[in-house]
Amino acid sequence: MGLSPASPRVNFPELEERILRFWAEQDVFRKTLEARQGCPQFTFYEGPPTANGLPGVHHVLARAYKDAIPRYRTMRGYFVPRKAGWDTHGLPVEIEVEKELGINSKREIEAYGVAEFNRRCKESVFRYEREWVRLSERIGFWLDYEHPYVTFSNEYIESVWWILRQLWDRGLLYQGYKVVPYCPRCGTPLSSHEVALGYRETEDPSVTVRLRLRDQPGTSLLVWTTTPWTLPANVACAVHPQVAYVKARQGDEVLVVAKDLADAVLQGPYEVLEEVRGESLVGLRYEPLFRFYPEGDRLWRVWAAEFVTTEEGTGVVHMAPAYGEEDMELARRHGLPVFHPVGPDGRYTEEVPPWAGRFVKEADPEIVADLRQRGLLYRAGTYRHTYPFCWRCDSPLLYYARASWHVAVTRCKDQLLRANEQIRWVPEHIQRGRFGNWLENVVDWALSRERYWGTPLPIWVCEVCGLQHCVGSLAELREMAAEQLPEPLDLHRPYVDEIRLRCPRCGGTLRRVPDLIDVWFDSGAMPVAQWHYPFENQEWFERSFPADYICEGIDQTRGWFYSLHAISVLLFDRPAYRNCVCLELVLDEHGEKMSKSRGNVLDPWSLIQRFGADALRWFFFSVSPPGMPKRLGPAAVEEVVRRFFLTLWNTYVFFTTYASLDRFDPLGWPAPPVKERPALDRWLLSRLAGLVAEATESMEAYNPTDAARAVERFVEDLSTWYVRRGRRRYWKARDVQDQRSAYHTLYEALVTTAKLMAPLAPFLSEELYQGLVRAVDDGAPVSVHLTDWPQVREQDRDVELERAMEEARWVVSLGRAARSRVRIRVRQPLASAVVVAPQSLLHRYPELVEHVSEELNCKQVELVGQDSARVEYEVRARFDVLGPRYGPKVQELAAALERLSPEEVRRVALEGRAVVEVEGEQVELGPDELDVRVRQREGFVAEAGRGFVVVLDTRITPELRREGLVRELVHHVQQARREANLRVDQRIVLSVAGPPELVEALEEHREAVAEDVLADRVELAGEVEGFRREVSILGQPVTVVLRPLT
RNA sequence: GGGCCCUUAGCUCAGGUGGUCAGAGCGCGGUCCUGAUAAGACCGAGGUCCGUGGUUCGAGUCCACGAGGGCCCA
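Quick caveat, the model's predicted, so the values are computed rather than measured.

In this section: the overall build of chain A. Across its full length, chain A holds 35 helices and 38 strands. Here the C-alpha coordinates of chain A stretch approximately 120 × 90 × 50 Å along the principal axes. Here the analysis covers contacts within chain A between residues at least 6 apart in sequence; of these, 76% occur between residues at least 24 apart. Accessible area of chain A: about 46,100 Å², with a carbon and sulfur share of 47%. With 133 positive and 155 negative side-chain charges, chain A shows a spacing of 1 Å between the two charge centroids.

Encoded structure:
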């Protein structure tokens, strides 16, 4: 037992591997959960990754953030269960398997066999799972990987079915159309990714057609299209309400087009009769182009729509809801019928007798001819543009309405918006911005997918009476089944398709609709389905809903964030999560998006093996707030290690080195009351209390970035000021009380820092904790992650002392700058320095002036208030005070102050008040209105700034010079000790040979030297055995020889 | 085309509620300090705070317009 010295040579990746083994042996994660059993629960939801690809470095970012908050909450005394989950269904999985099989169409999948195909899908999903777990564990992402939820399991699917049944019972599931890019030859819709593969330049018809207005004979709207085949399905046309339109006479007819497009559309001369805004056209009725459908009240009218542009066409847009997404949306909003006279093969149906059976694209010319013949065609030509083709078979794609099941989300839009108000978003702007806007414009959720590997839509339809039934549980399925169900039951296709139900109404047979549901519904169902609720675990579900915290990439606003939110609001009218952190992209070193095609994808393992997981985690936390993109490269991670980790580590090494030499015992040594400790210690403890407050506040606000940066600043102060200033208190302690104070203060700072870092850098934190706490206290918790988060010790805070220390450090800076200016090295002692500091807090802290004196190597530092001989003043206006008081006159006042003569300035500065004349008026300004600053006076060696002047006495007397020589010698001896690899407490005999001046100096200061370099004897002869070094002191050769004593 | 975000030193980033010399780290050159340090200190070079207007006594900060970049969606 007891502290042992840590090695300055540290290998962070190795250290982390060791910690991982320690956690595993001690089962620390489980212990952290057990320790908080019965405490208030803090709920985290894991957004299930699709485990069909290798995890990348951006996943490390997300997983680090996911990990940090639960660790923090655990330390704050919450029970934080963390269930892993895997998203296993969907098109990406199917495509992966298609690739393996060398096939690429639904037809081929069916030929191959759906049962076997789905078996392979299931298998492929877990191919990468092991890699995901391996990386997650290596980066310290604590999650229960042994009991994950898996979206393909029967339990999960049953819960999803239960949800759908709830929606069904409330009439929120309906069958409607969804317009999709569709290949008529392959008979399948294409994903947006597939569509993007097939864009190409092509020539299409370009026709402009008359729509004759019913109530204004001789007047027509002109509409333009490149797809004449959609005209038979026309139900309406649309204008932009704010755009200007003209009624133009041309020959014996009047034509209506957008004003800006009139010249382009109207051939030949025309006369503008009237100019109107689009909104005044709304409601007009026109004669249909074709008579294939019966009249209807809402049919063939003009509607307003924001999507209409005047970029091309006529400004009046033909609407065929079955063949355009915007058209369909308009039809839905206004309750228009959908005419859909095209079959899945791309040919007209019997609804359009003249062209029934014709492929639509081939019918284009005939339709144009028909319109021309009836005098409805205004103009016809061709049009070159880019258009999507099927990437498999090269057929032109049709935008085409497919029958599809929808969730009527729009009916709950208000609840969606209201629930969003209850969520804390990080960054904040997502709430009103990206997510809020998305909800404002929400459309019904097109739920069904015509695919194979996914959760089947549990809707069965009676062949006889047409009854539709939504199955809500397995029990119900068994009960309604026409025959005994096979066991074990697989709820996937094709098995589920074979299940027939008996019709409760007519006794006929129900068959399942063939569709699957959108995978986003799977993941959004996770709060319910991860527990197989409501069939099991009711209490777990209730305790764990809603989540306190989720975190994913910002791309999930329309993905998981939305699906969770929508399902939760539909079911429970509550948000599914209270706090949501959105992460931005990880870019490469040059700020480019990482992508396989660019070849700039960084492997997380290479970074982890070089620098460790903590360094990568810390980089992600500290480099920028979560909502900002992050540029990542090896250099950036290396900098974290060098700048922060090693600084902290070296402080730790320093502490353990001397603490073990002195047998410091944190439990046994009495700790002096903070108020009785030296100012340096009180300063550090005040900084520490401030740090705890800031880190706590930041972590509470889901802002690890500010917490990390605060810790960095503290460690910087700790290493470069506190330890630097206090070094001798450890290795040359004369005063027991002071030594105790020093050890306890530094110990406290290191232990607390370790705890504050624990959520962010769990490995390094653990190592420090083990070395500092567990090494001396068997009774302490086994792991830092089992400890409580530090409390803010308000009584330690001393803001004034912190400010005074800032001033002391600033004075030191000035002093060093002055030395540098006159080229006097710091090792050369000087007799005195004068610090002019009229309003400084330093007057109250003589101890801090002592530190300044040591740091500047000036035997005396005199702090003076106002020293008229050495400094000049300048007096300026305090704009922040005078501005509100005098308004515009403030500039006049400032100018008046600038006009003061040097003598007047001096008087004003010393008296603290000024009388100036502005616009013939006398204005008196008091101390709070004046900004009095001192500045350096010419002719002195001094530096000035921020109200301070430091003046050095640069006279080097022979005594001072000898002291300087001795300091040089000591420095070289220490250097030699280090080169000789002596233990820090190794005593020696020192022999020195050099010029007479040095010898003289050494004789004068022999004892001090001996004490500094731990020499029992100092000899003035170079010719002895030992560790020999030839050095140069102020240009003169000197020999030093060290002989270790046994 | 729409929505949101970003733009401050060569690079990475700070800069509550407007207050008059704009900061840090890294990198570069130089000098120095060191019984923990691969660290640190000091000096130096390096800024039209993206641009243009506006509000104001006063704008990196607030408003408007514009430019460039990013993300999401069409």
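With respect to spatial proximity, 52 residues lie near RNA strand B, and among them Arg816, Arg827, Phe879, Gln974 and Leu1014 are the closest. For RNA strand B, the fraction of protein-proximal atoms (within 4 Å) that sit in sugar or phosphate groups is 65%. Separating a sugar or linking oxygen of RNA strand B from a side-chain N or O atom of histidine 429 is a distance of 3.2 Å. Separating a sugar or linking oxygen of RNA strand B from a side-chain N or O atom of glutamine 891 is a distance of 2.8 Å. Of all the secondary-structure elements, those providing two or more residues to the surface near RNA strand B are helix 15 (434-440), helix 23 (634-661), helix 25 (704-731), helix 28 (799-822), helix 30 (879-886), helix 31 (889-898) and helix 33 (958-979). At eight residues, helix 23 tops the list of elements feeding residues into the surface near RNA strand B. Each residue belonging to the surface near RNA strand B can be placed in one class, and the counts come to 19 nonpolar, 14 polar and 19 charged.

Taking strand neighbours across the sheet as the criterion, the six strands line up as 10-8-9-6-5-13 in an open arrangement whose pairing is mixed. The sheet is open, and its two edges are formed by strand 10 (271-277) and strand 13 (377-388), each paired on a single side. Here the average twist between neighbouring strands, direction ignored, is 25°. Two elements, strand 8 (residues 244-250) and strand 9 (residues 253-258), share six bridges in a ladder whose sense is antiparallel. When the sheet's bridge partners are listed, lysine 247 is paired in strand 9 with valine 256. Where helix 12 (residues 360-373) meets the sheet, its contacts fall on strand 5 (199-212) and strand 13, and the angle it forms with strand 13 comes to roughly 160°.

A few words on the nonpolar core. Counting 154 residues, the largest nonpolar core has Trp618, Leu632 and Phe655 as the members making the most contacts within it. Here the element with the most residues in this core is helix 23; it accounts for 13 residues. For leucine 632, the contacting residues outside a window of four places in its chain are Val57, Val586, Leu587, Asp588, Glu589, Leu602, Leu607, Leu616, Phe619, Phe620 and Val637. Judged by nonpolar contacts, the second largest core, of 75 residues, contains Leu173, Cys462, Phe541 and Leu571.

Turning to the pattern of salt bridges, a few remarks are in order. A pair can form between side chains of opposite charge whenever their charged atoms are brought close. The full count for this structure, using the stated rule, is 70 salt bridges. The closest approach of N and O atoms between glutamate 123 and arginine 127, which form a salt bridge, is 4.0 Å. With its nearest N and O atoms 3.1 Å apart, the salt bridge here joins arginine 713 to glutamate 694. Of this pair, arginine 713 sits in helix 25 while glutamate 694 sits in helix 24 (residues 679-700); the two residues are 19 residues apart in sequence, bridging distant segments of the chain. On the basis of relative accessible area, arginine 713 is assigned to the partly exposed category, the value being 44%. With relative accessibility at 32%, the residue glutamate 694 sits in the partly exposed group. One network of salt bridges, in which partners are shared, links Glu100, Glu116, Arg119, Arg120, Glu123 and Arg127.

Bringing the sheet that holds strand 7 (residues 236-239) into the picture now. What the three strands build is an open sheet, ordered 11-7-12; its pairing is mixed. A strand with exactly one partner marks an edge of an open sheet, and here the two such strands are strand 11 (301-304) and strand 12 (316-319). Each adjacent strand pair in this sheet contributes to an overall mean axis angle of 35°, direction not counted. Note that strand 7 and strand 12 share four bridges and pair antiparallel. Pairing of valine 239 across the sheet is with valine 316, part of strand 12.

If you walk through the whole model with that rule in mind, you get six cavities of 30 Å³ or more. Size it by volume and the largest cavity reaches roughly 80 Å³. If you go around the largest cavity, the residues you meet are Gln41, Thr43, Phe44, Tyr45, Glu46, Pro81, Arg82, Lys83, Met526, Gln530, Trp531 and Ser544. For the lining of the largest cavity, the residue count by class is five nonpolar, four polar and three charged. Quantified by volume, the second largest cavity comes out at close to 60 Å³. If you go around the second largest cavity, the residues you meet are Leu231, Pro232, Asn234, Pro288, Leu289, Phe290, Phe292, Tyr293, Trp300 and Phe339. Its residues assigned to classes, the lining of the second largest cavity shows nine nonpolar, one polar and no charged.

About the criteria used
- Residues numbered from 1 in each chain as written.
- Chains lettered and ligands numbered in written order.
- Predicted model: local features only at pLDDT ≥ 70, side-chain atom pairs only at ≥ 80, totals over all residues.
- Heavy atoms only, no water.
- Helix = DSSP H or I, 4+ residues; strand = E, 2+ residues; numbered from the N terminus.
- Contact = heavy atoms within 4.5 Å.
- Areas by Shrake-Rupley, 256 points an atom, 1.4 Å probe, with all protein chains shown as cover.
- Lys, Arg positive; Asp, Glu negative; His and termini not counted.
- Charge placed at Lys NZ, Arg CZ, Asp CG, Glu CD.
- Near = heavy atom within 4 Å.
- Polar contact = N/O pair within 3.5 Å; in protein donor to acceptor, adjacent residues only side chain to side chain.
- Nonpolar A, V, L, I, M, F, W, Y, C, P; charged D, E, K, R; others polar.
- Pairing = 2+ DSSP bridges.
- Axes fitted to C-alpha atoms, helices over the stretch in contact; angles between N-to-C directions.
- Core = buried A, V, L, I, M, F, W, Y, C linked by side-chain atoms within 4.5 Å.
- Buried < 20%, exposed > 50% of the residue type's maximum accessible area, 1.4 Å probe, protein only.
- Salt bridge = Lys/Arg side-chain N within 4 Å of Asp/Glu carboxyl O.
- 1 Å grid on protein atoms, 1.4 Å probe; cavity = no way out; pocket = protein on both sides within 12 Å on 5 of 7 lines; lining within 4 Å.
- Points joined across faces, edges and corners; volume = space filled by probe spheres on them.

Any functional reading would require information that these geometric values do not contain.
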